[in-house]
Amino acid sequence: MSSVKVAVRVRPFNSREKKRKAQNIVQMESKSTKVTNPNNGKPNTFAYDFSHCSFDRSDPNFASQQKVYDDLGTEMLVHAFEGYNVCIFAYGQTGAGKSYTMMGGQDDEGIIPRLCRDLFERIEKVGDASMEYSVEVSYLEIYNEKVRDLLNPRSAGNLRVREHPVLGPYVEDLTKLVVSSYGDISNLMDEGNKARTVASTNMNATSSRSHAVFSIIFTQRQKVSEDVVTERQSKISLVDLAGSERADSTGATGDRLKEGANINRSLTTLGKVISALAEHSNAERKKKKHEEDNDDGEKKKGKKKKKK
């Protein structure tokens, strides 16, 4: 199983694209995504772990919100119950449908509310008296390179990011609230979404002007005996990134232009981090393969000597 999986999703045309009589140049089949160059008609094919086509609801292969969650969210929840930290983030150009995929609309929930509901449903199904569960949530946004607490929007100033020697990076003084049901989480998400920074641009009427991180600290305690209690804790990070944008396309000026510059800067930094992690992972994989090849070579030499 790969520790990192990549999915790509295509949304339907918006009103702006329909007015321009835009043509769909993306076709998806299974895990492959084919993009046709409109200038010369040459196709380029790319392979991903998942290719979700949500362009046409009449398409038999249409990827609904439930389909996207089944492919991505359910596996993350399984790993969280196993005690692993997991993360899902939506990345792409402004207006690409990231917030819709993560949060959804009024009548069609996205990954975050579906995962939260599924979490409590699975807890209820466990039926083990020796198990005890605790769920804490936090919700923050990064706006113009400053961290804001969306569950306590009246808190003054920029929250500081610290690094714990064991637990890693964390946000100092960030509100963490204990929840006991999906209803509790849903109410907190609604309050946080109301406090999130959005604005209208030429490309998106409700453009997210900040990166939002909804985190769940999931703790499982099991009473092994009268004196022994084991604890397993995992962190689920659900991230809705602001979209990359071009000033000439969005018509951004003033505050919108400053926001766009900060968004692009942070996304560039994220891209460098992902590239560095990928290079490190590839180097480790090559090293492991080289060691396995050497071991195989030594074994073959040993067999030849025995034959002589």
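Each value, and the rule that gives it
Residues numbered from 1 in each chain as written. Predicted model: local features only at pLDDT ≥ 70, side-chain atom pairs only at ≥ 80, totals over all residues. Heavy atoms only, no water. Pairing = 2+ DSSP bridges. Helix = DSSP H or I, 4+ residues; strand = E, 2+ residues; numbered from the N terminus. Axes fitted to C-alpha atoms, helices over the stretch in contact; angles between N-to-C directions. Parallel < 35°, antiparallel > 145°, perpendicular 65-115°, else oblique. Left-handed = near helix turned anticlockwise from the far one by under 90°. Contact = heavy atoms within 4.5 Å. Nonpolar A, V, L, I, M, F, W, Y, C, P; charged D, E, K, R; others polar. Expected span 1.5 Å × (residues − 1). Buried < 20%, exposed > 50% of the residue type's maximum accessible area, 1.4 Å probe, protein only. Arc of directions from axis to C-beta. Phe/Tyr/Trp six-rings, centres within 6.5 Å; stacked < 30°, edge-to-face > 60°. Lys NZ or Arg CZ within 6 Å of the ring centre and 35° of its normal. Bend = angle between axes of the 7 residues up to and from the residue. Patch = residues over 30% accessible without salt bridge, like charges linked within 9 Å, V, L, I, M, F, W, Y side chains within 5 Å. Areas by Shrake-Rupley, 256 points an atom, 1.4 Å probe, with all protein chains shown as cover. Salt bridge = Lys/Arg side-chain N within 4 Å of Asp/Glu carboxyl O.

### Considering the sheet that holds strand E2 (residues 26–29)
Here is step 1: Overall, antiparallel pairing links the 3 strands, which are arranged E2-E3-E4 in an open sheet. Single-partner strands in this sheet number two, and they are E2 and strand E4 (43–47). Sheet twist, expressed as the average angle between the axes of neighbouring strands with direction ignored, equals 20°.

### Structural notes on the packing of helix H2 (residues 65–81) against helix H4 (residues 111–126)
Here is step 1: It is at 9 Å that the axes of H2 and H4 come closest, and there the two elements cross at 50°. Taken together, H2 and H4 sit at an angle that is classed as oblique. In the crossing of H2 with H4, the sense of the turn from one axis to the other is right-handed. Together, Gln 65, Gln 66, Val 68, Tyr 69, Leu 72, Gly 73, Thr 74, Leu 77, Val 78 and Phe 81 of H2 and Ile 111, Arg 114, Leu 115, Asp 118, Leu 119, Arg 122 and Ile 123 of H4 make up the contact between the two elements.
Here is step 2: In the contact of H2 with H4, the residues fall into 10 nonpolar, 4 polar and 3 charged.

### Let's talk about helix H5 (residues 182–195)
Here is step 1: For H5, which comprises 14 residues, the first-to-last C-alpha distance of 20 Å matches the rise-based estimate of 20 Å (1.5 Å per residue) to within 8%.
Here is step 2: For H5, the complete set of buried residues consists of Tyr 182, Ile 185, Ser 186, Leu 188, Met 189 and Gly 192. Down the axis of H5, the buried side of the element spans an arc of 165°, and every buried residue falls inside it. Turned more than 90 degrees off the buried face of H5, the exposed positions are Asn 187 and Lys 194.
Here is step 3: Buried residues belonging to H5 abut H4, strand E7 (131–143), strand E11 (177–179) and strand E14 (211–223).

### Notes on the packing of aromatic side chains
Here is step 1: Inspection of every chain in the model, using the stated rule, returns 5 aromatic pairs.
Here is step 2: Taking the centre distance of 5.9 Å and the plane angle of 0° together, the rings of Tyr 133 and Phe 218 count as stacked. Highlighted residues: Tyr 133 in strand E7 and Phe 218 in strand E14, separated in sequence by 85 residues.
Here is step 3: The rings of Phe 81, Tyr 133 and Phe 218 are connected pair by pair, giving a single aromatic cluster.
Here is step 4: Geometry around Tyr 182 places Arg 117 over its ring, the cationic atom sitting 4.3 Å from the centre.

### Digging into H2
Here is step 1: With 17 residues, H2 ought to run about 24 Å at 1.5 Å a step, and its terminal C-alpha atoms sit 23 Å apart, in line with that.
Here is step 2: Its axis deflected by about 35° at Asp 71, H2 carries its strongest bend there.
Here is step 3: In terms of burial, H2 is largely enclosed, as 13 of its 17 residues are buried.

### What to know about the environment of Val 86
Here is step 1: On the secondary structure map, Val 86 appears in strand E6 (residues 86–90).
Here is step 2: The buried category is assigned to Val 86, whose relative accessible area is 9%.
Here is step 3: Excluding residues within four positions of it along the chain, Val 86 makes contact with Met 76, His 79, Ala 80, Lys 235, Ile 236 and Ser 237.

### Re a nonpolar patch on the surface
Here is step 1: Taken together, the side chains of Phe 89, Tyr 91 and Ile 274 make up a nonpolar region of the molecular surface, amounting to roughly 300 Å² of accessible area.
Here is step 2: Counting through the fold element by element, Phe 89 comes out in strand E6.

### Thoughts on the side chain of Ser 210
Here is step 1: In this fold, Ser 210 is placed in the loop between strand E13 (207–208) and E14.
Here is step 2: In contact with Ser 210, other than residues within four places in its own chain, are Glu 141, Ile 142, Tyr 143, Arg 196, Thr 197, Asp 240, Leu 241 and Ala 242.

### Observations regarding the pattern of salt bridges
Here is step 1: Under the counting rule described, the total for this entry stands at 14 salt bridges.
Here is step 2: Glu 17 is the salt-bridge partner of Arg 11, the closest N and O atoms lying 2.9 Å from each other.
Here is step 3: Owing to a relative accessible area of 26%, Arg 11 belongs among the partly exposed residues under this scheme.
Here is step 4: Lys 67 is the partner of Asp 71 in a salt bridge, and the nearest nitrogen-oxygen pair spans 3.4 Å. Taken as a pair, Asp 71 and Lys 67 lie in helix H2 at a separation of 4 residues, close to a single helical turn.
Here is step 5: With a relative accessible area of 16%, Asp 71 lands in the buried category.
Here is step 6: Each of Arg 57, Asp 108 and Arg 114 takes part in one network of salt bridges that share partners.

### Digging into the environment of Lys 235
Here is step 1: Within the secondary structure layout, Lys 235 lies in strand E15 (residues 229–240).
Here is step 2: The spatial distance from the C-alpha of Lys 235 to the C-alpha of Glu 136 is 9.6 Å, given a sequence separation of 99 residues.
Here is step 3: Every residue in contact with Lys 235, bar those within four places of it in the chain, is listed here: Tyr 84, Asn 85, Val 86, Ser 215, Ile 216 and Ile 217.

### Some points on unusual backbone geometry
Here is step 1: Of note, Glu 145 is a non-glycine position whose phi angle comes to about 70°, a positive value.
Here is step 2: Topologically, Glu 145 is positioned in the loop between E7 and strand E8 (146–149).

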